[in-house]
Each structure stands twice: as structure tokens, then as C-alpha cells.
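Here's the letter readout for the chains.
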Amino acid sequence: MSFPNTISGRYGWEKVQTSAQKHKLGTEMVFVDGRKFRYVENGGVNITEGLLVASEAVAGNHDEDLAVATASTGATSITVTLGATAAAKDLYAEGYLFINVPILATSASPHEMYKIKEHAAISSTGSGAIVLDEPDGLVTAITNGTETVGLIKSPYKDIVVAPAAVAGRFVGVTCRTLTADYFGWVQVAGIATVAMDGTPAVGTLVGASSNHAGQFLAVSGDTTPAIARMHGKAGVDNEYHTVILQNLY
């Protein structure tokens, strides 16, 4: 696989999807017209074009307070014990391990975050080695019974249509129908076509709809984060219209 950090793309590349991974998740692709995209892996359901997508909600038995085996400074593998939910092989590849022991637990406790390279399947309440994607390994040693950790997937892995009740981070807008479990691109900046909820005027700030998953609704009362601004003409309910994306980077 070829993994450049940023790709200077050609028009139409944003619509390409593949069953095999071609880039690191989160890889940026830019066009000369100002549009920008991020490389993602779709979750287990097809997602149609023009919808706001988000990261998958975290696993409650993986996200914090997990016991770890003692590991020395420079270690590139950390053995973690999960809660009562299994983890498939490489579920957290390209994600993150962070040390979440309480701030005041000990003055010497580390609180760093590390990129994950790979791991074998880990059973419910089982233990497994998490291999770090950092050649220098741990900056500070960790101690069983003192430090605990959490595991977080890459926000670009197993994306979902942004639900009305937000459970993850917004990561972009689909450029085409993404097939379940395929890899492709979502747009994060520039002019885009999105599904509208309501009839916002030109120039109106819009954000995630609380009525229809994945659609865009006018921001009101500063209660909804703005993700785009209407461009070109007023929106029409349940149609696709152009916006300028923002705050997705």
C-alpha cells in the first residue's frame, strides 16, 4: 500500500472507492479549486451521497480505565485487559491508546497518547498486546495497578451517517454512495452538495439536522455547531443544494 500524507488530487478521484485499503485513514486529498477530502473506511451499511457522516460511537468497555501490564520506557507493545466486550483483530489499528489515570493519582503518572499499529483479536474481559506505531515507544514507563488506559478508534474508521443525537465527531460529507466496508473519500472543505432539511436562505449557517440523520438544517440560537454556509441559492426541503463546508477540518 502507498501511504503519502497529502495527495494533490484530480477531479473525480473523490468518487473512487475500493474494497482494499489504498491510503492511511485520514489521508488528505486537495484540489486546486479549494476542495479538500479525507480518506475513510465506511462501516457496515451503504451511505448515499451528500450526507454528513460521523465517527462511530466509542465502545463503553474499551474507552477508559483498562488495566495494563507493566511496561518500560521505550516499549512498543502494551498488554491491555478489556472490559466485557471483545475486540476484533486490528479494530483499533490507526487509532489511539491514551493513559487516563486520574490527574492527581500520582505525580509521576504519565498521560500521553500513542498511535496504534496493530493488535490480535482480544476476547471479552481478555488481555492482548497493543502494538504502537511509534518507533521510540513509551516516553514514560507504566505500572500495572497504577496506570489505566483507553482505546479509541480512528475517527475515519467505520464511519456512520451522523445521527440526530450526536454520538461521535463529524468527519465530512459523502461525495458518492459509499458501499458498506469499502474505502473512499469524504469532503471536509470547499463547495459541496448536501441534503437539506428546511429552506435556509443564502448565506445562512447550517449544521447537522436534529430531524433527519445526515441532512443539514439552519443553525438557530447558537445551539447547533455550524458546519457549512448556504451558497448560491436558498435551500429546498429534502433536496440537494450547495454549501461551503467549514469546521470539519
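Preceding block: the structure.
First, a word on what this report is: a plain description of the structure on this page. (Residues numbered from 1 in each chain as written. Predicted model: local features only at pLDDT ≥ 70, side-chain atom pairs only at ≥ 80, totals over all residues. Heavy atoms only, no water.)

## Some points on the overall build of the protein
Here's step 1: A count of helices and strands for the protein gives 0 helices and 17 strands.
Here's step 2: Seen through its C-alpha atoms, the protein measures out along the principal axes to roughly 60 × 40 × 30 Å.
Here's step 3: Taken across its 249 residues, the protein has 44% of its residues classed as buried.
Here's step 4: For the protein, the exposed area adds up to about 11600 Å²; of that, 54% sits on carbon and sulfur atoms. (Helix = DSSP H or I, 4+ residues; strand = E, 2+ residues; numbered from the N terminus. Buried < 20%, exposed > 50% of the residue type's maximum accessible area, 1.4 Å probe, protein only. Areas by Shrake-Rupley, 256 points an atom, 1.4 Å probe, with all protein chains shown as cover.)

## Side note on the sheet that holds strand 7 (residues 96–99)
Here's step 1: Spatially, 5-10-7-8-9-6 is the arrangement adopted by the 6 strands of the open sheet, whose pairing is antiparallel. The strands lining the two open edges of the sheet, one partner per strand, are strand 5 (66–67) and strand 6 (77–81). (Pairing = 2+ DSSP bridges.)

## Some remarks on the packing of aromatic side chains
Here's step 1: Throughout the structure, instances matching the rule amount to 4 aromatic pairs.
Here's step 2: Taken together, the ring pairs in this structure connect Tyr-11, Phe-31 and Phe-37 into an aromatic cluster. (Phe/Tyr/Trp six-rings, centres within 6.5 Å; stacked < 30°, edge-to-face > 60°.)

## Quick word on the pairing of strand 12 (residues 170–174)
Working note: regular strand, side chains alternate between the two faces of the sheet.
Here's step 1: Counted residue by residue, strand 12 has 5 buried out of 5 residues, so it is predominantly covered.
Here's step 2: Direction of pairing for strand 12 relative to strand 13 (residues 183–195): antiparallel, over a ladder of 2 bridges. Considered in strand 13, the bridge of Val-173 is made with Gln-187.

## Focus on the side chain of Thr-27
Here's step 1: With respect to the secondary-structure elements, Thr-27 resides in the loop between strand 1 (6–8) and strand 2 (28–30).
Here's step 2: Taking relative accessible area as the criterion, Thr-27 reaches 4% and is therefore assigned buried.
Here's step 3: A distance of 2.6 Å separates the side chain of Thr-27 from the backbone oxygen of Lys-24, its partner in a polar contact. (Polar contact = N/O pair within 3.5 Å; in protein donor to acceptor, adjacent residues only side chain to side chain.)

## With respect to the environment of Leu-132
Here's step 1: Of note, Leu-132 is situated in strand 9 (residues 127–132).
Here's step 2: For the pair formed by Leu-132 and Glu-118, sequence separation is 14 residues and the distance between their alpha carbons is 7.2 Å.
Here's step 3: Ignoring any residue separated from it by four or fewer positions in sequence, one finds Leu-132 in contact with Ala-75, Thr-76, Ile-78, Tyr-114, Lys-115, Ile-116, Lys-117 and Leu-138. (Contact = heavy atoms within 4.5 Å.)

## Looking at the pattern of salt bridges
Here's step 1: Counted according to the given criterion, the structure contains 7 salt bridges.
Here's step 2: Taking the shortest distance from any N to any O, the salt bridge between Lys-153 and Glu-56 comes out at 2.5 Å. Here the residue Lys-153 occupies a position in the loop between strand 10 (148–152) and strand 11 (160–161), and Glu-56 occupies one in the loop between strand 4 (52–54) and strand 5, the gap between them amounting to 97 residues.
Here's step 3: Taking relative accessible area as the criterion, Glu-56 reaches 35% and is therefore assigned partly exposed.
Here's step 4: Linking Asp-90 and Lys-89 is a salt bridge whose minimum nitrogen-to-oxygen distance equals 3.0 Å.
Here's step 5: Residues joined by salt bridges that share partners form a network here, namely Glu-56, Lys-153 and Asp-158. (Salt bridge = Lys/Arg side-chain N within 4 Å of Asp/Glu carboxyl O.)

## Concerning the environment of Thr-242
Here's step 1: Structurally, the position occupied by Thr-242 is in strand 17 (residues 240–245).
Here's step 2: Its relative accessible area of 27% is what places Thr-242 among the partly exposed residues.
Here's step 3: For Thr-242 and Val-30, which are 212 residues apart along the polypeptide, the C-alpha to C-alpha distance reads 19 Å.
Here's step 4: With sequence-adjacent residues up to four places away left out, Thr-242 is seen in contact with Ile-191, Ala-192, Thr-193, Met-230 and His-231.
Here's step 5: For Thr-242, the side chain forms a polar contact with the main-chain oxygen of His-231, separated by 2.7 Å.

## What about the nonpolar core?
Nonpolar side chains in soluble globular proteins tend to be buried together.
Here's step 1: Within the largest apolar cluster, 22 residues are counted, with the highest numbers of intra-cluster contacts made by Ile-78, Val-80, Leu-97, Leu-138 and Leu-151.
Here's step 2: At the level of elements, strand 6, strand 7, strand 8 (113–119), strand 9 and strand 10 are the ones that each hand at least two residues to this core.
Here's step 3: The contacts of Val-80, once residues within four sequence positions are left out, are Leu-66, Ala-67, Val-68, Leu-97, Gly-126, Ser-127, Gly-128, Ile-130 and Val-149.
Here's step 4: Counting residues in hydrophobic clusters, the runner-up holds 19 residues, among them Ile-7, Phe-31, Trp-185 and Val-186. (Core = buried A, V, L, I, M, F, W, Y, C linked by side-chain atoms within 4.5 Å.)

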